[in-house]
Structure formats: structure tokens, C-alpha cells
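Coordinate analysis (summary)
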Amino acid sequence: MKLNKVTIDQLRMLGGNKLIDYKGKMIISDHIAQEYLFEEPCRIDAVTILICKSGTLNYVVNLEQNSVTDSSILINMPENIIQFKSAENLEAYAILISSDMIRSLPYDTLQRASKYLPMEQLFHAHVPLERIKTIKPYFDLLKTCIDQPMQETDEIVKMLLQAFLVTVVGMVRENRTINEADHGKRVSKGSNLLYERFRELLSKHHQTERTVQFYAEKLCVTPKYLSMAVKEYSGRKPLEWISEYVIAEAKSLLYYSQIPAQEVAFRLNFPSQSAFGKFFKQKTGYSPRQYAKLIENTPQPINHKR
């Protein structure tokens, strides 16, 4: 099965007049209906923020099954492989923002918050309903601004979106347990920028490049300095980020495409099937063959040994 990548334009065509589109860079919906859920696994080519007021949403992200209930905020990053399985009495609204749109904002809110968003799961935080209700006015203002354009619309939309993102990230920080050693730690601007560029390169090259040396050379720094900067900003070493990307890609190829381990090893640039098998078992607890058998015998996505 081919893994689909859903773009904002495709979502706009799917939703028709029920979704509010802003120049193909952002989509707003104040009502998430069952028919909009992705029954097949895909990557969404946008940052997706879902505000769940009530009901239940069952989902699978990077092959791990979970659910969220009343009064939650969900944030999905473009790297994740996501599948929405079902919804029960769901009352929610959402905003999908392209990477270009986010980069056009004056403040890198989501990049600063990315260390709070685990790569291998759809992040969600339970937020008091009273706080959830305070987000809705941003949606109403954005809708009004888009529906009634004026000369200053671009600037107004960016400012409203920025305020919305800062508010959501603030709620995330308040309602998620953060390592006390990292909470509130000041990091240099250089570490911030280097981390962002590292993540961009990793997203492009993780299928073929797995060494810190490669990314350090691309960024014109030493491996030691890159490791220090990434660890300072994110709390994690570059090799940890690299391994997560590679394993997520390997899982998706084995599970969704169901191609042989030998082909996966080739696509991910391992020197041999044996080297890939050793890497995969070290990170997941299963050999590729054991994992394939679990897929064959398991009707639903499975939780993996860490």
C-alpha cells in the first residue's frame, strides 16, 4: 500500500465550502466531521492543530494506537504518519498551517515548542475546558478576516495566527510535564537556529544519511558542536533524532508498503540487510521478520517494545 501525502490543496477540495482556505497556505474548520477523518495512513503536509472540546477521537500515529477525549489540544507535525480510526460524538475545530505560512511569521513559536512534541506520537494535552473556550475567538476572527478581505488582510491574518500559536503553546507548557532540568533553561540564539536547520536537513536526508558527521558538514560546524547545540536546545542528542526518523520510516515501509526487509534496507541506505536488522531490533525489540509476522497476525496497529 502506497503511503499518501495529503496537501492543503487536496484537503480544500475534499472539504469544499465547509473548509475555509487562505491562499492555499492555511485551512480553518470549526467543525470536524467524521467524513474528514483519514481512514488510510498518510502524512499531512502541514502542521495540524486540533482543538477537541468533547467526544472521543481514536487515532494511530507512527503505528501506535491511542485516543483523546474531552477538552484536549492535539498537535501533529508533518513528519508523522497519521491515521484517524474513528470518532464518537466529536466536537472539535482545527487549523492546518503550511510550512511556508509558519516561516512567514515573525516569531518561531512552533520551532521553539518542538522539543515538547515527541516525534513518534501525536502530541496531545488535556486542558481545562474554560481555557479551551478562550481559543475559539481566534478562529472567529480569522474567519471574519478571510471572509471580508481588505488591503491589510495579510498582516492581520499573520498577527492573529501568531497570537493563536503563542496561546496554544502556552497551554501546552502549562499542561504537560516537562523535565525540570530543561524547563525554563535559556539557550543561545545560535543553538536555536542550528537546531532548526538540523531538523530541516534531517527531514530531507534521513532515508540515506545517519551520521552526525554528514549533518555537521552540511551545517559547516564540527560534529561535537552540533551535538552540543542540539542537546542544549532539545534535550536530546542528534543521533537520537536521527534514529527516530529512520525507525519511523522503516516501520511505515514494513507495515504500510509491506515490502521485504531487504528492500527496506536498500531504500534506507544500509550496507546490508543484516545491518538493517541489527539496527531495527536494537531500536524496537523486534527483528524485521518478527515484526512482519506481528503485522500479519495483528488486525490492528500494535504498540511496540521500546
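Residues numbered from 1 in each chain as written. Predicted model: local features only at pLDDT ≥ 70, side-chain atom pairs only at ≥ 80, totals over all residues. Heavy atoms only, no water.

Across its full length, the protein holds 13 helices and 9 strands. Expressed as a percentage of its 306 residues, the buried residues of the protein come to 49%. For the protein, long-range pairs separated by at least 24 residues make up 72% of all intrachain contacts whose partners lie at least 6 apart in sequence. Carbon and sulfur atoms form 50% of the exposed surface of the protein, whose accessible area is close to 15500 Å². (Helix = DSSP H or I, 4+ residues; strand = E, 2+ residues; numbered from the N terminus. Buried < 20%, exposed > 50% of the residue type's maximum accessible area, 1.4 Å probe, protein only. Contact = heavy atoms within 4.5 Å. Areas by Shrake-Rupley, 256 points an atom, 1.4 Å probe, with all protein chains shown as cover.)

All right, on to helix α12 (residues 273-284) then. Under the 1.5 Å per step criterion, the end-to-end length of α12 is 16 Å for 12 residues, consistent within 8% with the ideal 16 Å. Residues of α12 that are buried: F276, G277, F279, F280 and T284. Taken end-on, α12 shows its buried residues confined to a sector of 165 degrees, consistent with a single buried face. For α12, the exposed residues set more than 90 degrees away from the buried face come down to S274, K278 and Q282. (Expected span 1.5 Å × (residues − 1). Arc of directions from axis to C-beta.)

As a further point, take the environment of N89. With respect to the helices, strands and loops of the structure, N89 is situated in strand β8 (residues 82-97). Between the C-alpha atoms of N89 and L57, which are 32 residues apart in sequence, the distance is 8.8 Å. With sequence-adjacent residues up to four places away left out, N89 is seen in contact with S54 and G55.

Pairing analysis gives 4 bridges linking strand β3 (residues 26-29) to β8, with the strands arranged antiparallel. Each residue of the ladder has a partner; that of S29, found in β8, is A94. With 13 bridges connecting them, strand β5 (residues 47-61) and β8 associate as antiparallel partners. Across the sheet, residue N58 finds its bridge partner in β8, namely S86. (Pairing = 2+ DSSP bridges.)

Take the pattern of salt bridges next. Taken as a whole and judged by the stated rule, the model has 7 salt bridges. Note that R43 is salt-bridged to E249, the shortest N-O span being 2.8 Å. With R43 in strand β4 (residues 42-44) and E249 in helix α10 (residues 238-257), this pair connects stretches of sequence that are 206 residues apart. E249 matches R43 in its accessibility class, with the two residues each being buried. Across the salt bridge formed by R236 and E244, the nearest N and O atoms sit 1.9 Å from each other. Residue classification places E244 among the buried positions, given a relative accessible area of 15%. (Salt bridge = Lys/Arg side-chain N within 4 Å of Asp/Glu carboxyl O.)

Moving on to the pairing of strand β7 (residues 72-76). Of all the 5 residues making up β7, 5 are buried; the element is thus mostly covered by neighbouring parts of the structure. Burial along β7 is two-sided: the face carrying S72, L74 and N76 and the face carrying I73 and I75 are both buried. Two strands pair when backbone bridges link them, and β5 and β7 are joined in this way by 5 bridges, in the antiparallel orientation. Directly across from I49, in β7, lies its bridge partner I75. As paired strands, β7 and strand β9 (residues 123-126) are joined by 4 bridges and run antiparallel to one another. Bridge pairing in β9 links S72 to H126.

It is worth spelling out the packing of helix α5 (residues 136-147) against helix α6 (residues 153-175) at this point. Between α5 and α6, the least distance of the axes is 10 Å, while the angle of their chain directions is 165 degrees. By the angle between their axes, α5 is roughly antiparallel relative to α6. The way α5 lies across α6 gives a crossing that is left-handed. Contacts from Y138, F139, L141, L142, C145 and I146 in α5 reach T153, I156, V157, L160, L161, A163, F164 and T167 in α6. (Axes fitted to C-alpha atoms, helices over the stretch in contact; angles between N-to-C directions. Parallel < 35°, antiparallel > 145°, perpendicular 65-115°, else oblique. Left-handed = near helix turned anticlockwise from the far one by under 90°.)

Averaged over the protein, the pLDDT score is 80; the fraction of residues at 70 or greater is 79%. Low pLDDT (under 50) marks residues 177-186, which in the prediction has 7 contacts with non-local residues, meaning those over four places away or in another chain. A low-confidence stretch, residues 299-306 (pLDDT under 50), is modelled with 26 contacts involving residues beyond four sequence positions or located in other chains. (pLDDT = per-residue confidence, 0-100.)

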